[in-house]
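For reference, the chains in residue letters:
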Amino acid sequence: MAARDKHGPDAPWGDGFKVIGKPNRKVDALAKATGEAIYTDDISLPNMLHSKTLRSPHAHAKILSIDTSKAEALEGVYAVLVGSELPIKYGVIPWTPDENVLATDKVRFIGDEVAAVAAIDEDTAIEACELIEVEYELLETIVTAEQALVTPEPPIHDDRKKRNNISKHVELEFGDVDAQVDDADLVVENDYYFHSTTHTAIEPHCAVATFGNDGRLTLWSSTQITHYVHRALSRVLEMDPAKIRVIQPNVGGGFGGKSDPFALEFITAMLSKKSGRPVKMLWTREEVFYAHRGRHSMQMHYRTTAKSDGTITSVDAKLLIDGGAYSSFGLVTTYYSGQLLTGPYAFPNYRFDSTRVFTNRPPCGPKRGHGSVQPRFAFEVQLDEVATKLDIDPIEIRRKNFLGENTTTINGQRITSNGFLECLDAVEEASDWKSKHRKMRYGTGIGVAGSMYISGTNYPVYPNKMPQAGVQLKVDRSGLVTVFTGGNDIGQGSNSMVAYCVAEEMGINPDSIKVVAADTDLCPVDLGAYSSRVTFMVGNAAIDAARKMRNKIVEAVAEHWKVEKESVRIIDGTVYNLDNDEETLSQREAFHVTEEKFDTLGSTGSYNTPTLGGDYRGGTIGSSPAYSFTSHVAEVDIDTETGEIEVKKIWVAHDCGRALNPILVKGQIEGSTYMGAAEVSLENYEMNRFSLHAGPSLLDYRIPTTLDTAEIEALIVESIDPEGPYGAKEAGEGPLHSAIPAVANAIYDAVGIRLRELPFTPAKVLAALKEKDEVTADA
Amino acid sequence: MRVFHLKINGDTVDVAAPEHYTLLEILRYELGLTGSKQGCDKGDCGSCTVQVDGVPMLSCLVLPSTVESKAITTIEGLAVQHRSDGGEGASLLQNAFDAAGALQCGFCQPGMIMSAQALLESNATPNRDDIKQALAGNLCRCTGYTQIYTAVESAAKDGGENGCS
Ligand code: FES
Ligand code: FES
């Protein structure tokens with residue numbers, strides 16, 4: 001049975017929270033601050049080899065032959081690997097396996113992986129890669145999404161049933177959209193563009209693999225999805241999964257960029273098998289750019305109809321999504337691009353038509369706010385245009401169309417808690433909106449936007465009825481509680497969150513808890529750190545396991561003291577007899593008493609989503625047990641001479657259900673907002689006309705420094721979700737979305753131009769200002 | 001191969017390494033001082049920042065032969081220094097980063113902390129702008145920097161109160 005049925009948002013002992021909601025330290029922060037924390041590249045095994053990959057210099061080509069003989073002959077080379085040795089395809093979504101570890105028949109983008117070498121050191125491996133001779137036959141390069149749409153031949157993937165370059169097409173209509181146009185008081189229709197951006201976690205991907213003489217494989221990898229990597233290894237290496245152990249050490253940031261299985265995980269495993277020695281592969285920063293899986297660029301057309309009072313009557317969307325060379329999460333992206341827009345506003349009628357195409361570019365995937373950041377940008381700008389045209393305050397129009405709580409969206413998503421109105425109130429007040437909007441001097445302005453996001457999804461990637469998250473507790477005679485969780489802590493603090501939940505539920509101090517995470521040999525399965533699912537699902541599983549353990553302790557101690565169970569209380573690691581002040585037990589003593597009664601102590605907990613989603617094909621994709629809500633207000637200063645946009649301050653209010661640790665929640669809100677704001681004009685994952693990346697380095701791809709980052713004020717709104725762990729929902733992805741349209745809308749307030757194509761470069765600002773001046777002059 | 005004579009965190013070490021190795025490679029792969037991180041190997045990210053005679057430097061751009069006579073401090077050295085000064089556990093600044101929630105993935109933090117430490121040593125009462133300037137070469141992809149400023153500010157405040165940095 002699922003944990004959600006058994007506990008709600010209240011404090012477990014009925015007299016307020018002791019751990020939850022407090023600014024507790026993270027379980028791993030001090031280790032990180034002192035340099036002790038081990039990341040994958042910090043691992044060095046005896047006798048370890050280093051490996052490198054040969055990558056394609058062509059965007060689209062057939063491989064006619066690969067000759068590795070010279071590389072193999074080089075001194076210091078221990079193993080060479082080519083694609084034909086691992087012919088089985090994989091992909092994170094089991095319906096679309098279209099990736100090979102190394103190219104078998106063709107290459108699909110510049111940087112696609114062709115061969116790999118393990119050698120005594122990196123320099124030798126690089127030298128050996130250069131000795132590999134590959135004969136290519138060039139094919140037409142599909143550079144843009146439009147080109148892909150009209151160019152079925154050559155198909156980038158020619159083993160699919162349909163010969164074309166369409167990766168996925170989804171068209172869904174709810175209500176009757178076209179019928180609204182005639183009756184509408186206002187129709188606003190425009191094109192929007194969201195460019196590609198990438199995660200740029202500061203830690204490059206890295207993997208270390210070793211095959212024992214017993215035929216067992218151990219892989220350490222900087223991944224967000226230990227479980228899926230485990231499954232993919234088993235599939236591609238054709239190995240019994242029970243003989244594979246995947247361990248995620250500390251991860252230096254993910255943001256969705258480490259949530260696919262990546263070639264280096266298979267390559268190191270296979271090279272280790274071939275060489276009989278442990279093998280490491282560390283990608284260069286340049287290689288990380290080629291791995292990408294970042295934000296899909298989207299060309300979007302939106303049409304919104306409204307009544308004169310601002311009520312939205314329909315929304316119609318058509319999207320063209322550039323998927324790059326492989327599917328990755330593309331099936332989900334295509335659905336998310338439409339499915340996640342149906343809140344925080346009520347859409348009485350809604351249609352979306354999304355097409356994801358393959359191009360000869362590095363594959364796109366799930367970047368923070370997967371698939372829904374782009375449509376959110378377009379729609380929030382369009383909603384602002386509706387407000388302007390109807391002369392309604394942009395915050396008011398958002399209130400007016402509020403979806404409500406405990407309701408269902410037009411596409412069948414169940415909404416429980418919803419703190420969106422409180423978010424709007426919070427940013428309105430904090431930003432002093434009323435005295436600023438339309439009242440600031442020319443060049444400065446303020447804008448608002450709102451959004452919602454999932455807290456996990458009930459779509460488990462591969463169909464199964466097992467729990468989506470599992471947690472196991474070991475209670476030791478020393479007084480220590482060890483929590484085993486499959487959850488991937490990628491810096492967001494999930495290990496700490498698990499410790500807080502267990503501590504709260506058991507009545508003990510987080511200091512007496514140790515969390516062992518993301519090791520497939522030791523930990524029960526969790527599906528991974530994606531879709532903002534970890535707090536909600538792993539948190540609930542942790543509470544479930546801890547509650548079972550606490551019940552045992554209470555029962556054993558009650559029997560020991562010969563009192564009713566209601567008289568036993570554990571507070572901060574000490575067990576009290578409420579009937580007798582004199583009688584207490586330490587945590588350790590209580591564990592002994594419990595072990596005497598129940599034998600060796602352990603418990604398990606799990607979480608699975610309820611049945612959710614609309615009753616139609618794809619109706620479960622994007623359906624979540626709870627949704628988070630966000631609102632941003634941005635204040636900008638536009639230099640009308642240079643076209644430069646300075647974002648002065650961003651206020652962001654986020655409904656995270658309950659803040660399990662307000663410091664960590666604020667960190668997520670601030671980090672998300674920073675990352676979103678950076679997509680407005682700084683970051684651009686750009687290719688040239690040959691499909692070659694324009695500048696795969698941290699110098700050319702401009703992620704913000706301290707000097708480029710606006711002041712961010714994070715405001716927490718707590719709607720207390722009925723099913724979240726103590727009422728919590730996600731905080732790690734939602735607060736990115738509306739940062740971008742809030743800036744766009746602020747630019748309109750500042751200088752009266754509507755920018756609809758990201759990124760907003762100074763040139764675009766100047767062109768729009770010029771156009772505006774010409775229109776004004778003509779009038 | 002060549003032998004480098006280095007002074008690292010108060011220890012004098014002789015390390016044999018390929019001539020072209022950077023200081024970062026020596027630290028991480030020859031000495032096992034893996035606290036300094038490599039995010040780009042090109043001088044763009046700051047995660048490899050160490051102090052050389054008290055000045056923050058990007059160890060991925062430093063050839064070890066150029067710093068043989070100098071005192072190199074890495075993230076591992078901060079707590080060591082703090083304890084030899086009579087303190088306990090981690091340094092004030094490291095603790096402040098922990099308390100402020102400034103550490104998410106933690107990968108930028110060794111470099112960030114080394115830059116911040118150098119700032120506090122030269123300016124015990126930095127304002128927000130001083131902090132931004134001092135940390136402008138250290139990219140953090142997780143935090144949005146706000147909690148990092150808070151950490152440095154609170155360490156400066158506590159350092160002032162306790163008469164140490
Ligand atoms: S690793 Fe030295 S600056 Fe990035
Ligand atoms: S904490 Fe992750 S990069 Fe700074």
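Keep in mind the model is a prediction, meaning the values are calculated, not measured.

Visitor: Now, about empty space enclosed by the protein: what can you tell me, with residues and values included?
Guide: Left-over empty space is what a probe sized like a water molecule reveals as it rolls over the atoms. Residues and elements named next belong to chain A. A full pass over the atoms with the stated rule returns nine cavities of 30 Å³ or more. Of the volumes computed, that of the largest cavity is approximately 680 Å³. Lining the largest cavity are 45 residues, and of these Gln492, Ser532, Gln668, Gly732 and Glu733 lie nearest its centre. Every element with two or more residues in the lining of the largest cavity is listed here: α9 (330-339), α14 (494-506), α15 (534-561) and α17 (662-681). Grouping the constituent residues of the lining of the largest cavity by class yields 20 nonpolar, 18 polar and seven charged. Each of domain 1 (29-37 + 466-607) and domain 3 (368-459 + 614-778) contributes no fewer than three residues to the lining of the largest cavity. By volume, the second largest cavity is sized at about 150 Å³. Broken down by class, the residue content of the lining of the second largest cavity amounts to eleven nonpolar, two polar and five charged.

Visitor: Help me get a handle on the side chain of His60(A), residues and values and all.
Guide: All names here are of chain A. Considering the arrangement of structural elements, one finds histidine 60 in the loop between β1 (49-55) and β2 (61-67). Taking the relative accessible area as the measure of exposure, histidine 60 reaches 1% and is therefore buried. At 2.8 Å, the side chain of histidine 60 and the side chain of lysine 106 are in polar contact. Side chain to side chain, histidine 60 and asparagine 360 meet in a polar contact 3.3 Å long. Apart from residues no more than four positions distant in its own chain, histidine 60 is found in contact with Lys106, Val107, Leu138, Leu139, Glu140, Thr141, Pro154, Pro155, Ile156 and Asn360.

Visitor: Explain the packing of aromatic side chains to me, using residue names and the numbers behind them.
Guide: All names here are of chain A. For the coordinates displayed, the defined rule picks out 23 aromatic pairs over all chains. With a centroid separation of 5.8 Å and 80° between ring planes, the pair formed by phenylalanine 262 and tryptophan 283 is classed as edge-to-face. Highlighted residues: phenylalanine 262 in the loop between β11 (244-247) and α7 (263-275) and tryptophan 283 in the loop between β12 (279-282) and α8 (285-291), separated in sequence by 21 residues. Here phenylalanine 262 and tryptophan 283 have matching classes, each one buried. By the ring-pair criterion, three or more aromatic residues cluster together here, those being Tyr345, Phe347, Tyr350, Phe352, Phe379, Phe402 and Phe420. For arginine 231, the ring lying beneath its charged end belongs to tyrosine 462, and the centroid distance is 3.4 Å. The cationic tip of lysine 597 hangs over the ring face of phenylalanine 598; the distance from NZ or CZ to the ring centre is 5.2 Å.

Visitor: Account for the confidence of the model for chain A, with residues named and values stated.
Guide: Considering every residue of chain A, the mean pLDDT works out to 97; 99% of them sit at 70 or more. Of the regions scoring below 50 in pLDDT, residues 1-5 of chain A engages in twelve contacts with residues more than four places distant in sequence or in other chains.

Visitor: Quick one: what's the story with the nonpolar core, residue by residue and with numbers?
Guide: Among the nonpolar cores identified, the biggest contains 182 residues, and Leu233(A), Tyr302(A), Phe377(A), Ile747(A) and Phe97(B) are the most heavily contacted of them. Counting residues per element, this core draws most heavily on helix α10 (residues 373-390) of chain A, at nine residues. Setting aside residues no more than four positions away along its own chain, Phe97(B) makes contact with Ala102(B), Leu103(B), Gln109(B), Met112(B), Ile113(B), Ile148(B), Ala151(B) and Val152(B). Trp13(A), Phe17(A), Ala546(A) and Ala590(A) belong to the second-largest nonpolar core, a separate cluster that totals 58 residues.

Visitor: Which residues make up the side chain of Asp637(A), and what values do they have?
Guide: Residues and elements named next belong to chain A. Topologically, aspartate 637 is positioned in strand β26 (residues 627-638). For aspartate 637, a relative accessible area of 19% translates into the label buried. In this view, aspartate 637 contacts Arg441, Gly443, Thr444, Glu644, Ile645, Glu646 and Lys648; residues no more than four positions away in its chain are not counted.

Visitor: Provide a residue-level description of the sheet that holds strand β24 (residues 580-586) of chain A, including the pertinent values.
Guide: Residues and elements named next belong to chain A. Ordered in space as β22-β23-β24, the three strands form an open sheet in which the pairing is antiparallel. This sheet does not close on itself; its edge strands, each paired only once, are β22 (568-571) and β24. Looking at each pair of strands side by side, their axes are set apart by 30° on average, direction ignored. In this structure, strand β23 (residues 574-577) lies alongside β24, joined through four bridges in antiparallel fashion. Residue tyrosine 576 lies in a different strand from β24, and its bridge partner there is threonine 584.

Visitor: Explain the confidence of the model for chain B to me, using residue names and the numbers behind them.
Guide: Per-residue confidence for chain B gives a mean pLDDT of 95; residues scoring 70 or more make up 97%. Interface scoring of the predicted complex returns ipTM 0.97; its pTM is 0.97.

Calculation criteria
Residues numbered from 1 in each chain as written. Chains lettered and ligands numbered in written order. Predicted model: local features only at pLDDT ≥ 70, side-chain atom pairs only at ≥ 80, totals over all residues. Heavy atoms only, no water. 1 Å grid on protein atoms, 1.4 Å probe; cavity = no way out; pocket = protein on both sides within 12 Å on 5 of 7 lines; lining within 4 Å. Points joined across faces, edges and corners; volume = space filled by probe spheres on them. Helix = DSSP H or I, 4+ residues; strand = E, 2+ residues; numbered from the N terminus. Nonpolar A, V, L, I, M, F, W, Y, C, P; charged D, E, K, R; others polar. Domains from an automatic or database assignment. Buried < 20%, exposed > 50% of the residue type's maximum accessible area, 1.4 Å probe, protein only. Polar contact = N/O pair within 3.5 Å; in protein donor to acceptor, adjacent residues only side chain to side chain. Contact = heavy atoms within 4.5 Å. Phe/Tyr/Trp six-rings, centres within 6.5 Å; stacked < 30°, edge-to-face > 60°. Lys NZ or Arg CZ within 6 Å of the ring centre and 35° of its normal. pLDDT = per-residue confidence, 0-100. Core = buried A, V, L, I, M, F, W, Y, C linked by side-chain atoms within 4.5 Å. Pairing = 2+ DSSP bridges. Axes fitted to C-alpha atoms, helices over the stretch in contact; angles between N-to-C directions.

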